[in-house]
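# Remarks on the overall topology
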Amino acid sequence: MRTARYLPFVGRLLIGLPFMMSGVSKIVGYAGTIAYIKSSPLPLPPSLGYAGAIAVEMGCGLLLIVGYRTRLVAAIFALYSLVTAVFFHAHFSDPNQTFHFIKNLTMAGGLLQIVAFGAGAFSIDSRRLKDGLPGGALVGVK
C-alpha cells in the first residue's frame, strides 16, 4: 500500500495546523489571551507565558508539519499539551474544561506516538537521513 507512506504527514498536518491556528488566535487576541493567562495558576509572568505559547504553537507547529526534528518537536508539544491541561483546563466542574483537559491528554498521546515512530517518509527528517545527515531522533530513541 504505497499511499500509507503519506499517512504520517497527514497526521502531522492534522496535529500541527490546529496548534498554529491557536497561535494565530493568540496573536490577534492579545488582550484576551493575557487575561486568560493571568487567571490561571501558571507560575510565570503572563508576558512570558504568552511569548512561550506563541513560540511553541507557531514554531513547533510548522516544524511538525514539515517534519524537521520531528521527534524532539513532538516531545516538546506533548509536554506543552500536558502543562496546558493542568494549568488551564483542570476545572472539572465545567464540562467544557473537562473536554479540553481530555483533548490535551489525547494530543499528548498522539504526539508520543510521533516521538516513538518518527516523522515518516514524507518529511525533512526522512530526506536528511537519505542524504546522510543527522535526522530528528532523540538521544536513545531509534
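Here's a quick rundown of the structure.

## Concerning the overall build of the chain
- Within the chain, the regular secondary structure consists of six helices and zero strands.
- Starting at the N terminus and walking to the C terminus, you meet the elements of the chain as α-α-α-α-α-α.
- Each principal axis of the C-alpha distribution contributes one length, and for the chain these read about 50 × 30 × 30 Å.
- Restricting the contact set of the chain to residue pairs at least 6 apart, pairs at least 24 apart contribute 68%.
- Summing over all exposed atoms, the chain offers an accessible surface of approximately 8,200 Å²; the carbon and sulfur share of this is 74%.

## As for the packing of helix H4 (residues 70-88) against helix H5 (residues 95-117)
- For the pair H4 and H5, interaxial distance at closest approach is 8 Å and the crossing angle is 165°. With respect to their mutual orientation, H4 and H5 come out roughly antiparallel. The way H4 lies across H5 gives a crossing that is left-handed. Between H4 and H5, the residues in contact are Thr70, Arg71, Ala74, Ala75, Phe77, Ala78, Ser81, Leu82, Thr84, Ala85, Val86 and Phe88 and Gln97, Phe101, Asn104, Leu105, Met107, Ala108, Leu111, Leu112, Ile114, Val115, Ala116 and Phe117, respectively.

## Brief notes about the side chain of serine 123
- Positionally, serine 123 belongs in the loop between H5 and helix H6 (124-130).
- With residues near it in sequence (within four places) discarded, serine 123 still touches Arg12, Val66 and Gly67.

## Some points on the nonpolar core
- In this structure, Leu64, Ala74, Phe77, Tyr80 and Leu111 are the most contacted members of the largest nonpolar core, which totals 14 residues.
- Of all elements in the fold, only helix H3 (46-66), H4 and H5 reach the threshold of two or more residues within this core.
- By residue number, the principal contributor to this core is H4, which donates five residues.
- Apart from the residues lying within four places of it in its own chain, the contact partners of alanine 74 are Leu64, Leu111, Ile114 and Val115.
- One finds Ile34, Leu42, Tyr50 and Phe88 within the second-largest nonpolar core, a separate group that totals six residues.

## As for the pattern of salt bridges
- Following the criterion strictly, the structure yields one salt bridge and no others.
- For lysine 26, the salt bridge goes to glutamate 57, with nearest N and O atoms at 3.1 Å. Here lysine 26 is found in helix H1 (residues 7-28), whereas its partner glutamate 57 is found in helix H3, with 31 residues between them in sequence. Of the two residues examined, lysine 26 and glutamate 57, each falls in the buried class.

## Quick word on the environment of proline 18
- As for its position among the elements, proline 18 is in helix H1.
- Owing to a relative accessible area of 43%, proline 18 belongs among the partly exposed residues under this scheme.

Conventions we followed
- Residues numbered from 1 in each chain as written.
- Predicted model: local features only at pLDDT ≥ 70, side-chain atom pairs only at ≥ 80, totals over all residues.
- Heavy atoms only, no water.
- Helix = DSSP H or I, 4+ residues; strand = E, 2+ residues; numbered from the N terminus.
- Contact = heavy atoms within 4.5 Å.
- Areas by Shrake-Rupley, 256 points an atom, 1.4 Å probe, with all protein chains shown as cover.
- Axes fitted to C-alpha atoms, helices over the stretch in contact; angles between N-to-C directions.
- Parallel < 35°, antiparallel > 145°, perpendicular 65-115°, else oblique.
- Left-handed = near helix turned anticlockwise from the far one by under 90°.
- Core = buried A, V, L, I, M, F, W, Y, C linked by side-chain atoms within 4.5 Å.
- Buried < 20%, exposed > 50% of the residue type's maximum accessible area, 1.4 Å probe, protein only.
- Salt bridge = Lys/Arg side-chain N within 4 Å of Asp/Glu carboxyl O.

So yeah, pure geometry; function would need other evidence.
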